[in-house]
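As a plain string of letters, each chain reads:
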Amino acid sequence: MDAIIEGKKPKFNERDVIVEQPSREEAEAAVRTLIAWAGDNPDREGLVDTPKRVVSAYEEFFAGYREDPDQVLGRTFEDVEGYDDMVMLRDIALESHCEHHMVPILGRAHIAYLPDRRVVGISKLARVLDVFAHRLQIQEKLTSQVANTIDIVLQLRGVAVIIEAAHQCMTTRGVNKPGVTMVTSTLLGCFREDPTTRQEFLSMVGSR
Ligand SMILES: [Zn+2]
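Because the structure is predicted, anything quoted here is derived from the model rather than measured. Each chain carries its own residue numbering, running from 1 in the direction its sequence is written. Predicted model: local features are reported for residues with pLDDT of at least 70 only, side-chain atom pairs are reported and counted for 80 or more only, and whole-chain, interface and lining totals are derived from all residues. Excluded from the side-chain calculations are hydrogens and water; all other atoms, namely the structure's heavy atoms, are used.

Draft legend 1. Seen up close, the sheet that holds strand 4 (residues 87–98). Strand order in the open sheet made by the five strands is 7-4-5-8-9, with mixed pairing throughout. Looking at the sheet topology across the chains shown, the edges are occupied by strand 7 (136–137) and strand 9 (182–189). Working rule for contacts: check all heavy atoms of both residues, and any pair within 4.5 Å makes them a contact. Lines fitted to C-alpha atoms define the axes here, with helix axes fitted over just the stretch in contact, and angles between the N-to-C directions of these axes take values from 0 to 180 degrees. Each helix is a run of H or I in the DSSP string that is no shorter than four residues. Each strand is a run of E no shorter than two, and both are numbered from the N terminus. In the packing of helix 5 (residues 122–133) onto the sheet, contacts are made with strand 4, strand 5 (104–114), strand 7 and strand 8 (158–167), and the angle to strand 4 comes to roughly 15°. When DSSP finds at least two bridges between two strands, those strands are taken to pair.

Draft legend 2. Summary view of the coordination of the zinc ion. Any N, O or S atom lying within 2.8 Å of the metal counts as a donor, and for Na, K and Ca the limit rises to 3.2 Å; water is left out, so some sites can look incomplete. Summarising the metal site, the zinc ion is bound by the protein donors Cys98 (SG), His101 (ND1) and Cys169 (SG), whose distances to it range over 2.2 to 2.3 Å. One chain supplies every donor to the zinc ion, and in sequence these donors are spaced C-x2-H-x67-C. Of this pair, cysteine 98 sits in strand 4 while cysteine 169 is found in helix 7 (residues 168–171), placing the two residues 71 residues apart along the sequence.

Draft legend 3. Main features of the side chain of glutamine 137. Turning to its location among the elements, glutamine 137 is positioned in strand 7. Burial classification: accessible surface area is computed with a 1.4 Å probe over protein chains only, and a residue below 20% of its type maximum counts as buried, one above 50% as exposed, and the rest as partly exposed. The class of glutamine 137 is buried, set by a relative accessible area of 2%. Separated by 2.9 Å, the side chain of glutamine 137 and the backbone oxygen of phenylalanine 132 make a polar contact. Pairs of N or O atoms are called polar contacts if they sit within 3.5 Å, as long as, within protein, a hydrogen donor faces a hydrogen acceptor (for residues adjacent in sequence, only side-chain-to-side-chain pairs). A polar contact is formed between the side chain of glutamine 137 and the side chain of glutamine 145, at a distance of 2.8 Å. Excluding residues that lie within four positions of it along the chain, glutamine 137 makes contacts with Ser96, His97, Cys98, Glu99, Ile105, Phe132, Leu142 and Gln145.

Pasting the structure below:
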């Protein structure tokens, strides 16, 4: 274990994305340590393959570090026959992990934008959310990262993102308050400046 600390400190680039990973074996050894620390025997039959499974699960949970959200949005569709009204993707399932406890954040996101000649394939909006959600997160940062990335890459008249989510660090431990959800929003461009647009968006979110 000392070798990890002395020899190969993980390196990060300016966007907090790991550029030199510890090996898979090192990651599995770390899980083994946590099992033993929790008080169980990592060599008993039911647990012997758990480090492998946990590391594989981490590959999925944190796949977002290996993806570039700007590229996800790359292709836009220009021929929209003059459509310039709000486009909204509602109730997108959200699965993320809180960066303080590494336990799930589960909820829904609503993403809307006002096009400026170009529209984007709607699945791309959900993919951008996924890229950022599959990293260690706090909900406030996730909300603004999604909104700002869509705004900067697509150059729209406005972008709005609302996330409603339950944090297992709060619902299953700590203050133990099941059923509580946290709501965050980032409104940019027209959604911030024009009360009518903002109201239209909020009523579309609410009309379920
Ligand atoms: Zn937490």
